[in-house]
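Overview (structure and organization)
If you want the building blocks of each chain, they are given just below.
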Amino acid sequence: MSVIGRFAVKVLNAQQRRLSQLIVDSSAVEQLKNIGESSLRVTVDGGGCSGFQYNFEIPESINDEDVVIEKDGVQIVTDEISLDFMKGSTIEYHEELIRSAFRVVKNPQAEEGCSCGVSFSIKID
């Protein structure tokens, strides 16, 4: 904490600011623990019906250039480029009658997505 005038301000370094741009919901943490995994890789690739798609996999290893977000004993692993496409998003685990899956929601970078929720198009200013 730094004190500026009468106010205590938490100063974030560049790494902390970048990591704070992706929110990990407790449902994702809980599901990873339920399946006995400690990490999930989330990436964005070109493709899908809307132009870009989210990919989820259990990583075999974590690379030096990976961005790792830790919450309650689990890790969400991504890369710098994918993180740019997901800034401000939430990673969650969602269950419904026809399927259960990890997903990215509330993505302020996405303009629209397909009905399955896996692919999206980006906002162009």
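Heads up: these notes are all about the structure in this document. (Residues numbered from 1 in each chain as written. Predicted model: local features only at pLDDT ≥ 70, side-chain atom pairs only at ≥ 80, totals over all residues. Heavy atoms only, no water.)

1. Some remarks on the overall build of the protein chain
For the record, the criterion: Only runs of H or I of at least four residues qualify as helices and only runs of E of at least two qualify as strands under DSSP, and these elements are numbered from the N terminus. Per-residue accessibility, obtained with a 1.4 Å probe over protein chains only, is compared with the maximum for each type, and a residue is labelled buried under 20%, exposed over 50%, and partly exposed between these values. Any two residues having at least one pair of non-hydrogen atoms within 4.5 Å are treated as being in contact.
What the protein chain contains, in helices and strands, is three helices and 11 strands. What you see in the protein chain, going N to C, is helices and strands ordered as β-β-α-β-α-β-β-β-β-α-β-β-β-β. Going through the 125 residues of the protein chain one by one, you find that 31% of them count as buried. Taking the intrachain contacts of the protein chain between residues at least 6 apart in sequence as the baseline, contacts between residues at least 24 apart amount to 50%.

2. What about the pairing of strand 7 (residues 74-78)?
Look at any regular strand and the pattern is simple: side chains alternate between the two faces of the sheet. Convention followed: At least two DSSP bridges between two strands are needed for those strands to be called paired.
Burial analysis of strand 7 places four of its five residues in the buried class, which makes it a mostly covered element. The pairing of strand 4 (residues 39-46) with strand 7 spans three bridges and is parallel. Across the sheet, residue Ser 39 finds its bridge partner in strand 7, namely Gln 75. Sheet topology places strand 6 (residues 67-71) next to strand 7; five bridges connect them, and they run antiparallel. Pairing of Ile 69 across the sheet is with Ile 76, part of strand 7. Here strand 6 hands over to strand 7 after two residues, with Asp 72 in that stretch at a positive phi of 50°.

3. Concerning the packing of aromatic side chains
How two aromatic rings sit relative to each other is given by the distance of their centres and the angle of their planes. Test applied: The aromatic pairing rule takes the rings of Phe, Tyr and Trp, using the six-membered ring of Trp, and pairs them if the centres are within 6.5 Å, calling planes under 30 degrees apart stacked, those over 60 edge-to-face and the rest tilted.
Summed over the entire model, instances satisfying the criterion amount to four aromatic pairs. An angle of 40° between the planes, with centres 4.8 Å apart, marks the rings of Phe 52 and Phe 85 as tilted. Of this pair, Phe 52 sits in strand 5 (residues 52-57) while Phe 85 is found in helix 3 (residues 80-86), placing the two residues 33 residues apart along the sequence. For Phe 52, a relative accessible area of 23% puts it in the partly exposed group. The exposure class of Phe 85 is partly exposed, given its relative accessible area of 21%. Here the aromatic cluster, defined as three or more aromatic residues joined through ring pairs, consists of Phe 52, Tyr 54, Phe 85 and Phe 120.

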